[in-house]
Amino acid sequence: MKNYLVRRLLALVPVALGVATLTFAIIHLVPGDPVVAMLGENAAPVDIVGMRRQLGLDRPLLEQYAAYLGGLAVGDLGESISYRKPVSRLIAERFPATIELAAAGMLVAVLLAFPLGIIAGSNPGGAGDLGAMGFAIVGISIPHIYLGPLLMILFSLDLRWLPLTGRGGLAHLVLPALTLGTALAAILARMLRQSLIRVRESDYMRTALSKGLSARSALVRHGLKNALTSVVTIIGLQMGALLSGTLITEIIFSWPGIGRLLISAIGARDYPVIEGCVLAFAITYVIVNMATDLLYAIVDPRVRIS
Amino acid sequence: MRQTITTARLRLVAQIGAALVALAGCGHYRTDRSPATIQVDIETSPTSTDPRFATDAISSRINELIFDSLVKTDRNGQFVGHLAERIERPSPTRIVFHLKHGVRFSDGRELTARDVIFTYDSILAPESMSAKRAGIEELKSIDAPDSYTVVMTTALPYAPALEMATEGIVPAGTPLPAKGTAAAPIGSGPFQMVGYARDEAARLERNPYYPYPSGAPRSILFKIVPDPTVRALELAEGVCDFSGNNIEYDVLPWFAGHQFLKVSKTPGTTYKYLSFNFRDPRLRDLRVRRAIAYAIDRNTIVNTILRGAGRVASGMLSPENWAYEGNVTTYTYDPAKARQLLEEAGYTADRSGLRGLRFEYKTTPEGARLGEVFQAMLQRVGIELTLRTLDFATYYADIQAGSFDLTSLQWVGINDPNSYYMVFDSHKTPPHGENRGYYSNPAMDRLVEAGMRTVDPEARKAIYAQVQQLAAEELPYVSLWWVDNVAVMNRRLVGFDAYPNGSFRSLATVTLSPLGSEPPD
Amino acid sequence: MIARVRNPSLAIGVTTVVAIVVAAILGPLLFRADPLSIDLAKTLAGPSPAHPFGCDALGRDVLARVLSGARLSLSISTVVVAISLVVGSLIGGVAAMSGGRIDNLMMRGVDIILAFPGILLAIALAAILGPGLIDLVIALTAMGWTGYARIVRGEVLALRERDYVLAAESLGASRSRVLMRHLLPGVVGPLAVNATFGIGGIIGAEAALSFLGLGALPPTPSWGNMLDAGRAFLLVAPHLTTAPGLAIGLSILGFNLLGDGIAQKVGHRA
């Protein structure tokens, strides 16, 4: 087990390096002068030179790259141009909000998926199945940018049950989490349904029935147990969609997380912050993937050996 | 067994349902404020809590509640003494202010001439780099012969001298703000700032040393709410008590259904205009500028997008201003004339009607809608406008630096016509002044400089009549409209006085009727 | 009744997609309102016989803009998916054929691109390249080609070891020619499924980028920027949100169902 862990951790390094390099390339290899883009074409030459020096853009590219990697190693992501604060501090301040939203989205997805999947899978072809799966296919197809406002219109403007935007107590979390988690819920529900159907037609069922267990409880118990690993797999596979969905959801609901920071940094042409946020998202994703793999390895020993 | 599963599932559903109902039941997401607090929703963070630096409307309006100045303007735009109880003008180049006794900063110290001197000196110091410096550059010296007397001396006669006396006073020794820190200076005004979190809220509480009318608010929470829909909802929910000039016009009719809300619409002096960059040779051609002026249907915009909450403007000074001259060249909507002018200027139309004239129009997200209207109207006469949307801070910084082709902006709180000097004199380009378009016209220079030096009001008025006509002829700006002052407030705020410049000043003296017992209409 | 239709996903999917394509192509010809012409007297007008979906904040007909947006979404997504298909297949094929270090390197590259969750890479590229349609296509392609590369690479690798390939090689046939001949049938199915889902996904991604201000700029109507513009008027004009929102939802739904249907037909999910 320890070997596997070490191997996975080592594999993390080249990917992280690659991600950092690609981010650097995108920001720094862009055509045109970012300083002119920031200060405007009519800026005084002395301001342009000053800003270029401040951003370290007057040094040769390789030196910039080395400085960038060096900074990353110690957690220094540079300073934000619009906030005049270290980028790492800005990101650290907003990280909890993003994690809160992403976690809530996952929770909602699971809470929605189980009843839906069970209804669908325990009676395939029936009305419940059709309804649940219809709901699921719609859930996958509605984009966040529509689902969010739709929920806002219904629950906030018409019914006045929930707050419209912003982060606050539990009530503020409901609509964003619903918006974020619905697509994942739909995918999970479909998977649960498949799992239950498979169990239905399998040997388990026959054995369980012969043992005198009710069809329903055996079905659900075994189906769900099988499904558990698949749930982890799917959440792992959908993590990317969930993270980038968090970004969009933050904009829709004015949620003060890293996604919102990234988009306002784009509007303010604050390149150090843009770079930092992109990195934060990517590295988070890489770590989460690794964590999922490790979780898998704990659950399924066969993975470790391969 | 069959029972178990069904019951278990039912129980789960019931639990979720109960949780939802509980959440709904506490649909009171209103913050619980004490009745003596009012909440004001503002659309963006103030850029500065130091009155020596803040030039944008929101910062200025908030700072007005915290800091006092030697004089203030009343609702008719006349100067009245505030910190100064008596003002003398012994000569055209000297003003003497006699300060009130017993005015205290919120930390208890008395405000004396020393603080006034310090404030002005710190603005004038070159290292301050304050945008306000341009406004008081004429000050040759400011002295305090004794603790309660301040003498301002200018090198030359300076007619708008009293405008210089509207700076908020900070205590002697207040350091210059380092960028990024938000330690707010102390003021002597009705309120003090006790907390400020950028992009969240600014909290003001009573200055314990300021006379407090009974029934007036004890504290004000300025909450930053960028989303206009949320501002409207907060008003409707009773969470927000006051919202000034930041409610979408289209939403105003919606408030009619809420009995406890009041919409106040009064003529305003806020002047909305289209600004040109004169460093672009195409825009230096008067025919192009006139074509743009004829191409914009301002009347329709005021009636539809503004829902009538404005008046088509002929110039920077609104009719309420003492120096207003209404008899100037105006430009009624005439696209045919616009096209003709562009043809004359040498821009012929191709088959699609476009003339190869392309400009970039910078705007904020809130201003994008108006930008699209201009885009469509200009396209009809053959000019292509590309829109560039930036967040407010970036946008404002760009405009202040003169980095734009076309943009539209507004001047809030125009009072003395000497503003013409600040915005049109050729020496007043950034960073020395507000001539962000780099407009340069010797005739205009002569007039506005004369207007500055002429102390006799009648002679001054005549000069500015010429200035207004010249501005209307030469179009350094295309005048759009004077924006009405639109405020939506909870009826529990009694006695709110609307100032034409959108000032929040009256919030210090409104009476709060108790929550829940709003007076009937 | 549903049970009797063998492949309901395929049926509904094809119908929906065809309907959308027809609406996009024929719509602007049959419904003559100009998506760009403003009429300030009609700002925020609700649905009426003259304007079935109402008018937006500048009085422009919403139905006309939705149809125009359909053209934009469909053309951008098909172009992006087509380019991604070609680029991805080439890279995947070359990687599998070269094997060894080159394969390794290329697949590391794929891994790094995949390390950017969802549309993050597209957002970063669009932010740096600036708004505009060509930059949008570049940004969207950059994030989309990896799936196809993996499929093609997988097929080629599997084929390489097949007996008939080895046999043909030993008889003197060029390996690549044999592979090409036998590659297509194996790869068409998964690629078709992926591409179909891909079009749906790119429709969503383009809408998201335009929503964030990184894609199609005003006055060009795009479902995404229409949704963004509608946000300020949720209170008084929800129809501004419903029309483009339903359009996006239905389009993605159609392509998802179509993809499902094709997957059922070719026997496995990609």
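Residues numbered from 1 in each chain as written. Chains lettered and ligands numbered in written order. Predicted model: local features only at pLDDT ≥ 70, side-chain atom pairs only at ≥ 80, totals over all residues. Heavy atoms only, no water.

(A) Expanded view of the overall build of chain B. Secondary structure assignment for chain B yields 14 helices and 19 strands. Over its C-alpha trace chain B gives a radius of gyration of 26 Å, about what one expects of a compact globule, namely 24 Å for 521 residues. Across its three principal axes, chain B shows a C-alpha extent of roughly 95 × 75 × 45 Å. Scored against the burial criterion, the 521 residues of chain B give a buried share of 55%. Here chain B displays about 21,400 Å² of accessible surface, and carbon together with sulfur accounts for 53% of that area. Computed over 56 positive and 59 negative side-chain charges, the inter-centroid distance for chain B is 4 Å. (Helix = DSSP H or I, 4+ residues; strand = E, 2+ residues; numbered from the N terminus. Rg over C-alpha atoms; globule rule 2.2 N^0.38 Å. Buried < 20%, exposed > 50% of the residue type's maximum accessible area, 1.4 Å probe, protein only. Areas by Shrake-Rupley, 256 points an atom, 1.4 Å probe, with all protein chains shown as cover. Lys, Arg positive; Asp, Glu negative; His and termini not counted. Charge placed at Lys NZ, Arg CZ, Asp CG, Glu CD.)

(B) Fine view of the overall build of chain C. If you tally the helices and strands in chain C, you get 10 helices and 0 strands. In chain C, the succession of α and β elements from N to C terminus is α-α-α-α-α-α-α-α-α-α. For chain C, the C-alpha atoms occupy an extent of roughly 80 × 50 × 30 Å along the three principal directions. Evaluated residue by residue, chain C yields a buried proportion of 53% over its 270 residues. Pairs at least 24 residues apart make up 70% of the contacts formed inside chain C by residues separated by at least 6 positions. Per element, the accessible surface of chain C, about 11,500 Å² overall, is 67% carbon and sulfur. The distance from the centre of the 19 positive side-chain charges to the centre of the 14 negative ones in chain C is 7 Å. (Contact = heavy atoms within 4.5 Å.)

(C) A look at the interface of chain A and chain C. Between chain A and chain C, the contact holds 37 residues from the first and 38 residues from the second. Summing both partners gives a buried area of about 3,200 Å² for chain A against chain C, and 85% of it is carried by carbon and sulfur. A per-residue breakdown of the area chain A buries against chain C is headed by Ile26, Ile145 and Tyr146 of chain A, which together make up 20% of the total. Counting across the interface, chain A meets chain C through 1 salt bridge. (Buried area = accessible area lost by both parts, 1.4 Å probe. Salt bridge = Lys/Arg side-chain N within 4 Å of Asp/Glu carboxyl O.)

(D) Highlighting the interface of chain C and chain B. Residue-level contacts link 17 residues of chain C with 21 residues of chain B. Contact between chain C and chain B buries roughly 1,500 Å² in total, counting both sides, with carbon and sulfur atoms accounting for 68%. Broken down residue by residue, the surface that chain C buries against chain B is led by Ile38, Leu40 and Leu235 of chain C, which jointly contribute 38%. Counting the contacts that link chain C with chain B gives 1 salt bridge. Two residues, Arg60 of chain C and Glu372 of chain B, come together in a salt bridge whose shortest N-O distance is 2.9 Å. Counting across the interface, chain C meets chain B through 3 residue pairs in polar contact (both at pLDDT 80 or more). (Polar contact = N/O pair within 3.5 Å; in protein donor to acceptor, adjacent residues only side chain to side chain.)

(E) Summary view of the packing of helix α3 (residues 100-114) of chain C against helix α6 (residues 146-160) of chain C. All names here are of chain C. One way to put it is that α3 packs onto α6 with a least axis distance of 10 Å and a crossing angle of 145 degrees. Here α3 and α6 pass one another in a crossing that is left-handed. Here Asp103, Met107, Val110, Asp111, Ile113 and Leu114 of α3 lie close against α6, whose contacting residues are Thr146, Arg150 and Arg153. In terms of residue class, the contact of α3 with α6 is made up of 4 nonpolar, 1 polar and 4 charged. (Axes fitted to C-alpha atoms, helices over the stretch in contact; angles between N-to-C directions. Left-handed = near helix turned anticlockwise from the far one by under 90°. Nonpolar A, V, L, I, M, F, W, Y, C, P; charged D, E, K, R; others polar.)

(F) Here's a closer look at the sheet that holds strand β7 (residues 149-154) of chain B. Residue and element names in this part refer to chain B. A sheet is described by the order of its strands in space; here 4 strands give the open sequence β4-β5-β7-β6, paired in antiparallel fashion. Taken across any chain shown, the strands that pair with only one partner, and hence form the sheet edges, are β4 (84-91) and β6 (139-146). Within the sheet, the average angular offset between the axes of one strand and its neighbour, ignoring direction, is 20 degrees. In terms of strand pairing, strand β5 (residues 94-99) meets β7 through 5 bridges, oriented antiparallel. Pairing of Phe97 across the sheet is with Val150, part of β7. Contacting β5, β6 and β7, helix α3 (residues 113-124) crosses the sheet at an angle of about 160 degrees to β6. (Pairing = 2+ DSSP bridges.)

(G) Inspection of the packing of aromatic side chains at higher detail. Residue and element names in this part refer to chain B. Applying the stated criterion to the full structure yields 19 aromatic pairs over all chains. Here Phe276 and Phe278 contribute two aromatic rings whose centre-to-centre distance is 6.5 Å and whose plane-to-plane angle is 90 degrees, an arrangement assigned as edge-to-face. Given a relative accessible area of 0%, Phe276 falls into the buried group. Pairwise contacts between aromatic rings join Tyr271, Tyr273, Phe276, Phe278, Trp411, Tyr420, Phe424, Tyr439 and Tyr477 into one cluster. Between Arg206 and the ring centre of Phe191, over which it is positioned, the NZ or CZ distance is 4.6 Å. Positioned above the aromatic ring of Tyr212, the side-chain terminus of Arg218 is 5.0 Å from the ring centre. (Phe/Tyr/Trp six-rings, centres within 6.5 Å; stacked < 30°, edge-to-face > 60°. Lys NZ or Arg CZ within 6 Å of the ring centre and 35° of its normal.)

(H) Quick peek at the nonpolar core. Formed by 267 residues in total, the largest nonpolar core has its most connected members in Leu70, Tyr120, Ile292, Ile301 and Leu406 of chain B together with Ile123 of chain C. Of the residues forming this core, the biggest block, 14 residues, is contributed by helix α12 (residues 271-299) of chain A. Every residue in contact with Ile301 of chain B, bar those within four places of it in the chain, is listed here: Ile296, Leu306, Leu370, Val373, Phe374, Met377 and Trp481 of chain B together with Leu40 of chain C. Core analysis: the second largest hydrophobic core is formed by 27 residues, Val40, Phe242, Leu493 and Ala498 of chain B among them. (Core = buried A, V, L, I, M, F, W, Y, C linked by side-chain atoms within 4.5 Å.)

(I) Spatial organisation of the pairing of β5 of chain B. Residue and element names in this part refer to chain B. Of all 6 residues that make up β5, 5 are buried, and the element is covered over most of its length. Pairing between β4 and β5: 5 bridges, direction antiparallel. From the neighbouring strand, Ala84 faces β5, where its bridge partner is Leu99.

(J) Inspection of the environment of Glu344 of chain B at higher detail. Secondary-structure assignment places Glu344 of chain B in helix α9 (residues 335-344). As for Glu344 of chain B and Glu167 of chain B, which are separated by 177 residues in sequence, their C-alpha atoms are 48 Å apart.

(K) Up close: helix α1 (residues 8-30) of chain C. The largest bend along α1 of chain C reaches roughly 40 degrees and is located at Ala24 of chain C, with the proline Pro28 of chain C sitting one to four residues downstream. Structurally, α1 of chain C contributes buried residues whose contacts are with α2 (62-98) and α10 (239-266) of chain C. (Bend = angle between axes of the 7 residues up to and from the residue.)

(L) Structural detail: the pattern of salt bridges. Tallying each qualifying case throughout the model produces 38 salt bridges over all chains. In this structure, Glu63 of chain A engages Arg59 of chain A in a salt bridge whose closest nitrogen and oxygen atoms are separated by 3.3 Å. Via salt bridges that share partners, Glu372 of chain B together with Asp56, Arg60 and Arg65 of chain C belong to a single interconnected network.

(M) Representation of a nonpolar patch on the surface within the structure. On the surface, Val14, Val18, Val21, Val22, Ile25, Leu26, Leu29 and Leu30 of chain C cluster together to form a nonpolar patch covering roughly 690 Å² of accessible area. When you line up the elements, Leu26 of chain C lands in helix α1. (Patch = residues over 30% accessible without salt bridge, like charges linked within 9 Å, V, L, I, M, F, W, Y side chains within 5 Å.)

(N) How the structure looks around the confidence of the model for chain B. Residues and elements named next belong to chain B. Taken over all residues, the pLDDT of chain B has a mean of 87, while the share at 70 or more is 91%. Taken element by element, the predicted model of chain B shows its lowest mean pLDDT in helix α1 (residues 2-25) (51) and its highest in helix α7 (residues 286-295) (96). Here residues 517-521 scores under 50 on pLDDT; set against residues more than four positions off or in separate chains, the count is 8 contacts. (pLDDT = per-residue confidence, 0-100.)

(O) Up close: the packing of helix α5 (residues 87-122) of chain A against helix α8 (residues 170-200) of chain A. Residue and element names in this part refer to chain A. Relative orientation of the contacting elements α5 and α8 amounts to 35 degrees, with a least axis distance of 5 Å. Considering how the two elements wind past one another, α5 and α8 form a crossing that is right-handed. Along the lines of polarity and charge, the residues of the contact of α5 with α8 split into 25 nonpolar, 5 polar and 3 charged.

(P) Representation of helix α5 (residues 133-144) of chain C. Taking 1.5 Å of rise per residue, 12 residues should cover 16 Å, and α5 of chain C covers 16 Å from first to last C-alpha, within 8% of that figure. Asp135, Leu136, Val137, Ala139, Leu140, Thr141 and Ala142 of chain C are the residues of α5 of chain C that are buried. (Expected span 1.5 Å × (residues − 1).)

(Q) Focus on unusual backbone geometry. One non-glycine residue, Tyr438 of chain B, adopts positive backbone phi at about 60 degrees. On the accessibility criterion, Tyr438 of chain B (22% relative accessible area) is partly exposed. Phi at Leu44 of chain C takes a positive value of approximately 60 degrees, unusual for a residue other than glycine. Looking at where Leu44 of chain C falls in the secondary structure, it is placed in the loop between α1 and α2. The exposure class assigned to Leu44 of chain C is buried, which follows from its relative accessible area of 11%.

(R) Just the environment of Thr329 of chain B, in detail. Residue and element names in this part refer to chain B. With respect to the element layout, Thr329 can be found in the loop between β13 (310-312) and α9. As for Thr329 and Ala472, which are separated by 143 residues in sequence, their C-alpha atoms are 5.6 Å apart. Not counting the four nearest positions on each side in its chain, Thr329 is found in contact with Gln469, Ala472 and Glu473. Only 3.1 Å separates the side chain of Thr329 from the side chain of Gln469, close enough to count as a polar contact. At 2.7 Å, the side chain of Thr329 forms a polar contact with the side chain of Glu473.

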